[in-house]
Amino acid sequence: MYLLKIAFNHENKLCKIGECARRRGVEVDCPGHEGCTATLSVEENAGDEKRGGRKLASILTSGSHPITVDKLCTDADGRMAEGFGDEMKSKQGVTTEHYLDTVHLNRAVAKAISRARITPQLVTEHPCKSKEHRQAINRLADSIAWRAEREVRAANQKFGNRKDLAAQSITAAIPALIKCYEDKHNLCRKYSLVCDGEKCVHEYIPKFARGAYRFSPSDTEVLAVILRKRMGKEATRKTRYSLTTQKAESVNHAFAKTNPKHSMTCSRNGVNRDHSAIHMVNNAIGDSILIKAKACNVPLAPNSPALSTLHHMNRRQSYFRIRASSSREIQQSTCSSTTKQISLV
């Protein structure tokens, strides 16, 4: 299944006409003068996500066929959802429920653990060097974040639509997860859906350090607070559909291709280039070129070599899309294959 991009908001401060006028001593305000290509003044913040969300909702709700959105997925550190929800509420009277992107959330958890400066001890017979010791400590954050994601996926798969039981199971697994890295699996046998207490593989952790961590009481408390951002009741509610923004993030690569940042500056036709990028993403690359060529009254001949090349580009793009989708499904099935049955009291 491919997602269509139906709306986007373009913001820029570039105006060559205003720049030339100011060089000649003529005071002009951008935007506002005749032929101005800027949409923001120099003083405004181009990275204001709240304003961008407001404008995006305004685009969707305008016209003869307005589109209402009751669910919105964004990254946790952005404010786009706030502006989007306010505009959707005022224009259509619809309350937009905000969900968090699981990919960004997992990265945020790993980064929070790294910044917390947790310094566990390593109790191992392996004569580890200082470099290996640092490697084991540095990889702990990524390993814990991925283990938390596996617990969440396993609970969602086991309980399905019974979201309350899934949230209860995920939250109860927080202390078991921490003790698992200390090679103490009593809580894992009771609460964890990933570790059965006998065989547990900690991803990203060197073999000599698996189960050899020893956390202080303060480190355990800090880890529990951070893990609640991913495994707490509020976090499980906002991630219960396992939504991500990766499909939308992929459009940035198309924007970088049609409207490069560093090699050129397109103040006049930058919007057209962005529309071309979205057209290329919604349709295959080859089909997009064929449609635009036909719209310009320059269709390609049926037997032209360019036509066969474009069809080859379409097949290649479709192959890599299917391959990427299959690899994600294999990863999810591998993650869920280690789940076990537990009972919640």
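Residues numbered from 1 in each chain as written. Predicted model: local features only at pLDDT ≥ 70, side-chain atom pairs only at ≥ 80, totals over all residues. Heavy atoms only, no water.

A. The overall build of the protein chain, seen in detail. Within the protein chain, the regular secondary structure consists of 15 helices and four strands. Against the 2.2 N^0.38 benchmark of 20 Å for 345 residues, the protein chain shows a C-alpha radius of gyration of 26 Å, more extended than a compact globule. Residues counted as buried form 37% of the 345 residues belonging to the protein chain. Contacts in the protein chain between residues at least 24 apart in sequence constitute 71% of all its contacts with a sequence separation of at least 6. In the form shown here, the protein chain has an accessible surface area of approximately 20900 Å², with 53% of it arising from carbon and sulfur atoms. Averaging the coordinates of the 56 positive side-chain charges in the protein chain and doing the same for the 35 negative ones gives two points 5 Å apart. (Helix = DSSP H or I, 4+ residues; strand = E, 2+ residues; numbered from the N terminus. Rg over C-alpha atoms; globule rule 2.2 N^0.38 Å. Buried < 20%, exposed > 50% of the residue type's maximum accessible area, 1.4 Å probe, protein only. Contact = heavy atoms within 4.5 Å. Areas by Shrake-Rupley, 256 points an atom, 1.4 Å probe, with all protein chains shown as cover. Lys, Arg positive; Asp, Glu negative; His and termini not counted. Charge placed at Lys NZ, Arg CZ, Asp CG, Glu CD.)

B. Expanded view of the confidence of the model for the protein chain. Across the protein chain, the average pLDDT comes to 83, with 90% of residues at or above 70. At the level of individual helices and strands, the protein chain shows its lowest average pLDDT in helix α15 (residues 305-336), which scores 72, and its highest in helix α9 (residues 217-231), which scores 92. (pLDDT = per-residue confidence, 0-100.)

C. Representation of the packing of aromatic side chains within the structure. Under the definition given, this model contains five aromatic pairs. Both rings, one in Tyr-319 and one in Phe-320, keep their centres 5.2 Å apart while their planes meet at 70°; by these two values the pair is edge-to-face. Linked through ring pairs, Tyr-181, Tyr-213 and Phe-215 together constitute an aromatic cluster. (Phe/Tyr/Trp six-rings, centres within 6.5 Å; stacked < 30°, edge-to-face > 60°.)

D. Region of the structure containing a nonpolar patch on the surface. A contiguous nonpolar surface patch, about 320 Å² in accessible area, is contributed by Leu-4, Ile-6 and Ile-67. With respect to the element layout, Ile-6 can be found in the segment before α1 (16-23). (Patch = residues over 30% accessible without salt bridge, like charges linked within 9 Å, V, L, I, M, F, W, Y side chains within 5 Å. Salt bridge = Lys/Arg side-chain N within 4 Å of Asp/Glu carboxyl O.)

E. A look at a negative patch on the surface. There is a patch of like negative charges on the surface, built from Glu-27, Asp-29, Glu-43 and Glu-44. One can find Glu-44 in the loop between α1 and α2 (49-61). We classify Glu-44 as partly exposed; its relative accessible area is 32%.

F. Representation of the state of the cysteines. Within the structure shown, the criterion is met by zero disulfides. The thiol of Cys-20 is not disulfide-bonded; the next cysteine sulfur, from Cys-15, is found 8.7 Å away. (Disulfide = S-S within 2.5 Å.)

G. Focus on α9. End to end, α9 covers 20 Å across 15 residues, agreeing with the expected 21 Å (1.5 Å per residue, within 8%). For α9, the complete set of buried residues consists of Asp-219, Leu-223, Ala-224, Ile-226, Leu-227, Arg-230 and Met-231. For α9, the secondary structure elements touched by its buried residues are α4 (102-115), α6 (140-159), α7 (163-180) and α10 (233-238). (Expected span 1.5 Å × (residues − 1).)

H. Fine view of the nonpolar core. Grouped together as the largest cluster of nonpolar side chains are 36 residues, with contacts concentrated most on Ile-113, Ile-144, Tyr-181, Tyr-213, Phe-215, Leu-227 and Met-231. Among the elements of the structure, α4, α6, α7 and α9 are those that each provide at least two residues to this core. Setting aside residues up to four positions removed in sequence, Leu-227 forms contacts with Ile-144, Ala-148, Ile-174, Leu-177, Ile-178 and Gly-232. Counting eight residues, the second-largest nonpolar core is a separate cluster that includes Leu-60, Val-69, Ala-81 and Met-88. (Core = buried A, V, L, I, M, F, W, Y, C linked by side-chain atoms within 4.5 Å.)

I. The arrangement of unusual backbone geometry in detail. Put simply, Cys-30 and Pro-31 share a cis peptide bond, and its omega is -5°. Tracing the chain through its elements places Pro-31 in the loop between α1 and α2. A positive phi is found at Tyr-204, a non-glycine position, where the angle reads about 70°. Within the element layout of this structure, Tyr-204 appears in the loop between α8 (186-191) and β4 (213-214). Of note, Asn-297 is a non-glycine position whose phi angle comes to about 60°, a positive value.

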